[in-house]
Amino acid sequence: MKKYMKINYILAFIALGLFSCDDNLNVEPEQNLSPEVATETPANVKNILNSIYGTARSGDSYGGGIGLASELIGNEGDLSWNGTFVGPSEYNEKAMVADNGFVTDAWLNAYDMNNQANIVLANLEVFTDEDDKASAEGEAKFLRALAYFDLGRLFSKPYTPGEPNTQPGVPIILEPVLDPNAVTYPARNTLDEVYAQVINDLSDAYNLLPPSNIYFANKYSAQALLARVYLQMGEYESARDAANDVILNSGAELTSTFAEAFNNAENSDEDLFAIQVTSQDAYEHSWNVYWAGSEFGGRIGNPDVSVEEPHYEKYDDPEDDRANFFYTTTRGVATTKWQNQFGNIPVLRLAEMYLIRAEANERLDTEEGATPLDDINELRERANASTYDSVDLDLILAERQRELAFEGFALFEAKRLGWSINDIPYDANQLVLPIPLREIDANPELEQNAGY
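Q: Just checking my understanding: could you explain the side chain of Ser 221 for this structure?
A: Mapped onto the secondary structure, Ser 221 falls in helix α8 (residues 219-233). A relative accessible area of 0% places Ser 221 in the buried class.

Q: Please explain the packing of helix α6 (residues 130-155) against α8 as it appears in this structure.
A: The description of two packed helices rests on the angle between their axes and on the distance between the axes. Two elements in contact, α6 and α8, have axes separated by 11 Å at closest approach and are oriented at 20°. On the basis of their axis angle, the class for α6 and α8 is roughly parallel. For the element pair α6 and α8, the recorded crossing hand is left-handed. Every residue of α8 that contacts α6 at Phe 142, Leu 146, Phe 149 and Arg 153 is listed here: Ser 221, Ala 222, Leu 225, Arg 228, Val 229 and Gln 232. The residue makeup of the contact of α6 with α8, split by class, is 6 nonpolar, 2 polar and 2 charged.

Q: Explain the pattern of salt bridges to me, please; I cannot follow it from the model alone.
A: Two side chains of opposite charge can pair, provided their charged atoms sit close to one another. In this structure the tally under the stated criterion is 29 salt bridges. Note that Arg 380 and Asp 316 form a salt bridge whose closest N and O atoms lie 3.0 Å from each other. On the criterion of sequence distance, the pair formed by Arg 380 in helix α13 (residues 372-382) and Asp 316 in the loop between α11 (309-312) and β4 (326-329) is long-range, its members being 64 residues apart. Judged by relative accessible area, Arg 380 falls into the buried class, the value being 0%. Given a relative accessible area of 40%, Asp 316 falls into the partly exposed group. The network of salt bridges with shared partners includes Glu 270, Asp 316, Asp 320, Arg 322, Lys 337, Arg 349, Arg 380, Arg 382, Glu 399, Arg 402, Glu 403 and Glu 407.

Q: So what exactly am I meant to see when it comes to a negative patch on the surface here?
A: A cluster of acidic residues, Asp 365, Glu 367, Asp 374, Glu 378 and Glu 381, forms a negative patch at the surface. Among the structural elements, Glu 367 can be located in the loop between α12 (350-364) and α13.

Q: What exactly am I supposed to notice about the confidence of the model for the chain here?
A: With 92% of its residues at a pLDDT of 70 or more, the chain has an overall mean of 92. Contacts for the low-pLDDT stretch residues 1-27, under 50 throughout, to residues beyond four places or in other chains number 64 contacts.

Q: Quick question: what am I supposed to make of the nonpolar core here?
A: Side chains that are nonpolar tend, in soluble globular proteins, to be buried together. With 116 residues, the main nonpolar core has Phe 142, Phe 273 and Met 353 as its most contacted residues. In terms of residue count, the dominant contributor to this core is α6 (12 residues). Once residues lying within four places of it in the same chain are set aside, the contact partners of Phe 142 are Leu 202, Ala 205, Ala 217, Ser 221, Ala 222, Leu 225, Phe 273 and Leu 348.

Q: Mind showing me how you'd approach unusual backbone geometry here?
A: The phi torsion of most residues other than glycine is negative, and most of the peptide bonds are trans. Put simply, Asn 302 and Pro 303 share a cis peptide bond, and its omega is -5°. Structurally, the position occupied by Pro 303 is in the loop between α10 (286-291) and β3 (305-307). Positive phi, normally seen in glycine, also occurs at Asn 384, with a value near 60°. The residue Asn 384 is located in the loop between α13 and α14 (393-403) in this model.

Q: Help me out: how do you make sense of helix α3 (residues 65-73) in this one?
A: Working note: α-helix, 3.6 residues per turn, so residues spaced by three or four point in the same direction. Of all 9 residues in α3, 9 are buried; the element is thus mostly enclosed. What α3 keeps buried is the set Gly 65, Ile 66, Gly 67, Leu 68, Ala 69, Ser 70, Glu 71, Leu 72 and Ile 73.

Q: Hey, could you run me through helix α15 (residues 410-417) in this one?
A: Burial runs high along α15: 7 of the 8 residues are buried. Regarding α15, the residues found buried are Leu 411, Phe 412, Glu 413, Ala 414, Lys 415, Arg 416 and Leu 417. Of the surrounding secondary structure, the elements contacted by the buried residues of α15 are α3, α6, α8, α12 and α14. Gly 418, located one to two residues past α15, shows a positive phi value of around 75°.

Q: Can you help me understand the pairing of β4 in this one?
A: Remark: a regular strand shows side chains that alternate across the two faces of the sheet. Alignment of β4 against strand β5 (residues 332-335), held across 4 bridges, turns out to be antiparallel. Counted as the bridge partner of Thr 328 is Val 333 from β5.

Q: In this structure, what is going on with the environment of Tyr 206? I would like to understand it.
A: Examined against the element boundaries, Tyr 206 turns out to sit in helix α7 (residues 191-208). In this view, Tyr 206 contacts Lys 219, Tyr 220, Ala 222, Gln 223 and Asp 245; residues no more than four positions away in its chain are not counted. Within the local environment of Tyr 206, its side chain forms a polar contact with the side chain of Asp 245, the two groups lying 2.7 Å apart.

Q: I tried to follow the pairing of strand β2 (residues 271-275) on my own but got confused; where do I start?
A: Burial analysis of β2 places 5 of its 5 residues in the buried class, the great majority of the element. Across 4 bridges, the pairing between β2 and strand β6 (residues 345-349) is antiparallel. Residue Asp 271 lies in a different strand from β6, and its bridge partner there is Arg 349.

Analysis parameters
- Residues numbered from 1 in each chain as written.
- Predicted model: local features only at pLDDT ≥ 70, side-chain atom pairs only at ≥ 80, totals over all residues.
- Heavy atoms only, no water.
- Helix = DSSP H or I, 4+ residues; strand = E, 2+ residues; numbered from the N terminus.
- Buried < 20%, exposed > 50% of the residue type's maximum accessible area, 1.4 Å probe, protein only.
- Axes fitted to C-alpha atoms, helices over the stretch in contact; angles between N-to-C directions.
- Parallel < 35°, antiparallel > 145°, perpendicular 65-115°, else oblique.
- Left-handed = near helix turned anticlockwise from the far one by under 90°.
- Contact = heavy atoms within 4.5 Å.
- Nonpolar A, V, L, I, M, F, W, Y, C, P; charged D, E, K, R; others polar.
- Salt bridge = Lys/Arg side-chain N within 4 Å of Asp/Glu carboxyl O.
- Patch = residues over 30% accessible without salt bridge, like charges linked within 9 Å, V, L, I, M, F, W, Y side chains within 5 Å.
- Areas by Shrake-Rupley, 256 points an atom, 1.4 Å probe, with all protein chains shown as cover.
- Lys, Arg positive; Asp, Glu negative; His and termini not counted.
- Charge placed at Lys NZ, Arg CZ, Asp CG, Glu CD.
- pLDDT = per-residue confidence, 0-100.
- Core = buried A, V, L, I, M, F, W, Y, C linked by side-chain atoms within 4.5 Å.
- Pairing = 2+ DSSP bridges.
- Polar contact = N/O pair within 3.5 Å; in protein donor to acceptor, adjacent residues only side chain to side chain.

The structure is reproduced here in structure tokens:
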């Protein structure tokens with residue numbers, strides 16, 4: 001049986017500018033390379049790998065789209081939507097429709113990342129240097145896992161720890177598609193299967209990748225993402241141990257001030273994985289587009305996403321730098337986290353690892369690596385907030401909200417912790433994105449989510 005998935009099958013088509021040929025009279029046009037030529041050398045395969053990072057940088061996904069969906073769907077009054085686009089407005093109203101363009105683009109971008117990763121993984125035999133081969137495999141698996149993890153969190157009902165998670169996840173496609181005429185029609189895998197694939201890929205990536213890898217993913221990027229995955233699954237011992245490994249061994253350090261963790265032209269000391277952005281990019285990232293005031297390159301909503309009064313109540317110390325990390329515009333209040341239109345995009349920060357270790361230790365009544373009190377006070381001291389004499393789970397979760405605000409955690413936290421959103425139960429149909437209508441129309445094997 002044929003399968004089908006509408007994906008932007010971008011195979012370098014990826015500018016393989018380093019392509020060369022011994023016979024200058026037989027040079028294949030670079031804008032129309034055959035799949036065979038595009039994957040015939042290590043340099044070409046590395047260019048495809050680099051293209052995955054560029055795809056991840058898109059405003060449809062890690063350049064802002066996924067974070068916008070999570071924050072607006074998870075919004076309980078902390079934010080207002082001032083923008084003119086209908087898609088994010090539907091997020092904020094918890095009233096998405098199946099042809100929401102923002103939803104469709106997030107889906108397509110994730111499967112574009114997936115297909116390019118599959119192409120890299122299917123062509124590892126071209127590498128003659130074993131270290132280069134291992135790194136390419138590890139990076140591709142890290143990026144594929146990143147895409148599938150968030151596809152599962154966005155398009156599926158919440159994961160329930162300790163229970164069979166047989167609810168529809170998303171299609172898992174592990175073979176590359178090089179010919180648009182040979183596309184496949186996949187059904188949805190279960191969420192258990194999606195998470196198993198994510199963990200397998202990240203475990204492999206951790207073992208394959210070097211401890212440092214310039215600004216590409218390294219083994220501690222994979223371990224940090226594993227810590228996040230395990231926390232989402234309620235696997236607290238595994239989450240704790242992964243976070244502890246990253247804190248102790250990655251070489252990353254908390255920046256000396258809270259502000260130094262954001263709006264950086266280069267990776268900060270605490271970035272475990274960041275999307276690279278420069279002034280040479282053709283367009284600014286969507287975090288800045290929607291969250292910054294127009295003075296800093298934001299849209300006409302100035303800002304499109306405005307911070308509202310209920311959010312400030314989350315801070316228990318007015319001297320906390322995080323309580324003052326905002327600026328006023330003509331139409332609202334913007335977070336300073338996304339003020340640099342050409343700043344790198346932190347995807348995994350060391351601060352999150354301290355929070356994961358603290359929460360997991362608290363739930364397990366352990367002190368692996370440090371006490372929960374010490375980990376929380378580490379972050380509060382960095383933010384110039386008063387320290388605690390003791391902590392409990394509620395204080396740790398409140399600290400997560402303060403530290404990670406407006407970084408794309410809101411919806412995923414509600415689903416993980418069983419919190420309702422504006423009296424909408426955490427597992428309600430309307431908090432799950434619809435499978436894009438174009439996919440449903442084209443693929444009879446795809447099951448639509450309930451409520452759409």
